[in-house]
Amino acid sequence: MFQLNEEFLKELGLDQLPEEQRKPFLQHIYGELELRVGERLSQGMSDAQLEEFAGIIDKTPGSVDDFLAKHAPNYQQEPMLQRMSQASGLPIDDPRLKDEFAATKWLEVNRPDYRDVVAAVMADLKKEIIANKDAILGSAQA
């Protein structure tokens, strides 16, 4: 998986971006990526699927538990949750980890191609940024 960090800026040729503009730029890219991935993933989904996912993301009471009861009743033993716990440093029983796991599991169940979609959207976004690199650096220095 990719990370939006200094190495990412260097890869795009934006390592000359002023220090005070790096974090806001990376936050903007993250938001844009999230929006575009969401749009692409939602194509072809039913209203019921979209409502279920929205309930999980918005932490609507019962949504996470209902989904996990149906698709991962023993979720605390799932290897993916174990990896997420290790990577985040959060204990297995942390509600934030449970919510994140449910969202990831939902994508795995309903859009098993989500990693490919993220990679494709990121590749398109990188091309777009590289094509506009001079304008980005020019406006940053103005």
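Rules of the game
Residues numbered from 1 in each chain as written. Predicted model: local features only at pLDDT ≥ 70, side-chain atom pairs only at ≥ 80, totals over all residues. Heavy atoms only, no water. Core = buried A, V, L, I, M, F, W, Y, C linked by side-chain atoms within 4.5 Å. Buried < 20%, exposed > 50% of the residue type's maximum accessible area, 1.4 Å probe, protein only. Helix = DSSP H or I, 4+ residues; strand = E, 2+ residues; numbered from the N terminus. Contact = heavy atoms within 4.5 Å. Lys, Arg positive; Asp, Glu negative; His and termini not counted. Salt bridge = Lys/Arg side-chain N within 4 Å of Asp/Glu carboxyl O. Arc of directions from axis to C-beta. Expected span 1.5 Å × (residues − 1).

Asks: How do you make sense of the nonpolar core when you look at a structure like this?
Replies: Grouped burial of nonpolar side chains is what soluble globular proteins tend to show. Formed by 36 residues in total, the largest nonpolar core has its most connected members in Leu14, Phe25, Ile56, Leu68, Phe101 and Ile129. Every element with two or more residues in this core is listed here: helix H1 (6-11), helix H2 (19-42), helix H4 (63-71), helix H5 (79-88), helix H6 (95-110), helix H7 (114-131) and helix H8 (133-141). Tallying contributions element by element places H7 first for this core, with seven residues. Among residues more than four places away in sequence, those in contact with Ile56 are Ser63, Val64, Phe67, Asp99, Ala102, Ala103 and Trp106.

Asks: Please clarify how the side chain of Asp99 should be interpreted in this entry.
Replies: For Asp99, the position within the fold is in helix H6. Look at Asp99: it is buried, it has no salt bridge, and the nearest opposite charge is Lys59 at 4.3 Å. Residues within four places of Asp99 in sequence aside, it is in contact with Ile56, Lys59 and Val64.

Asks: What is the right way to look at H4 in this model?
Replies: One turn of an α-helix holds 3.6 residues; hence residues three or four places apart share an orientation. Taken together, the buried positions of H4 are Ser63, Val64, Phe67 and Leu68. Buried residues along H4 cover an arc of 120° about the axis, so they all sit on one side. Away from its buried face, by an angle of more than 90 degrees, H4 presents the exposed residues Asp66, Ala69 and Lys70. Among the structural elements, helix H3 (47-57) and H6 are those in contact with the buried residues of H4.

Asks: Sorry, what's going on with the environment of Met84 here?
Replies: Within the secondary structure, Met84 sits in helix H5. Take Met84: its relative accessible area is 17%, and that puts it in the buried class. In sequence terms Met84 and Leu97 are 13 residues apart; their C-alpha atoms lie 7.5 Å from each other. Apart from residues no more than four positions distant in its own chain, Met84 is found in contact with Leu97, Glu100, Phe101 and Thr104.

Asks: Could you clarify how one ought to interpret H2 in this entry?
Replies: Taking 1.5 Å per residue, 24 residues should reach 34 Å; H2 reaches 35 Å between its end C-alpha atoms and fits that length. Following H2 by one or two positions, Gly44 has its phi on the positive side, about 85°.

Asks: Please explain unusual backbone geometry as it appears in this structure.
Replies: Leaving glycine aside, a negative phi is the common case for residues, and trans is the common case for peptide bonds. Despite not being glycine, Lys59 has its phi angle at roughly 60°, a positive value. You can see Lys59 is positioned in the loop between H3 and H4.

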